[in-house]
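Take a look at the letters that make up each chain.
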Amino acid sequence: MSRLRPVLAWAALGVLLAAGVAQSATALREADPISPPDAKTAQQMFADAPDGVDPIVTGPISAAFKQRQKAANCDSAVWPNIPAVCYPD
């Protein structure tokens, strides 16, 4: 049993380390992406629409555009805090 104690201690330390790395990775993934300072906001892009503009696209769009919208959390964005990437070019 005395031979197993160091092995079990290292294994427990490894499990704790892996859990900490997983938690850090999750926190980084959930963080809001920082937009560049020169990026236009949706409110600036559509200044003539004081009540907002819905970012839902009704025409055909590419798979890359769908991925960009998903990465920017466009589904949960609320006016005026809608990233410009949610709108098609």
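No experiment lies behind these values; they were computed from the predicted model shown.

**Q** Honestly, the nonpolar core in this entry has me stumped. Any pointers?
**A** A general feature of soluble globular proteins is that nonpolar side chains tend to end up buried together. Within the largest apolar cluster, six residues are counted, these being Ala 42, Ala 72, Cys 74, Ile 82, Cys 86 and Tyr 87. With sequence-adjacent residues up to four places away left out, Cys 74 is seen in contact with Gln 69 and Cys 86.

**Q** Please explain the state of the cysteines as it appears in this structure.
**A** A covalent bond between the sulfur atoms of two cysteines is what we call a disulfide. Here the structure, examined in full by the defined rule, presents one disulfide. Covalently, Cys 74 is tied to Cys 86 through a disulfide, its sulfur atoms 1.9 Å apart. Its S-S torsion of approximately -90 degrees makes the covalent link between Cys 74 and Cys 86 left-handed. Pair noted here: Cys 74 is in the segment after helix H3 (63-71) and Cys 86 is in the segment after H3, with a separation of 12 residues, a long-range link. Each member of the pair Cys 74 and Cys 86 is classed as buried.

Rules and cut-offs
- Residues numbered from 1 in each chain as written.
- Predicted model: local features only at pLDDT ≥ 70, side-chain atom pairs only at ≥ 80, totals over all residues.
- Heavy atoms only, no water.
- Core = buried A, V, L, I, M, F, W, Y, C linked by side-chain atoms within 4.5 Å.
- Buried < 20%, exposed > 50% of the residue type's maximum accessible area, 1.4 Å probe, protein only.
- Contact = heavy atoms within 4.5 Å.
- Disulfide = S-S within 2.5 Å.
- Helix = DSSP H or I, 4+ residues; strand = E, 2+ residues; numbered from the N terminus.

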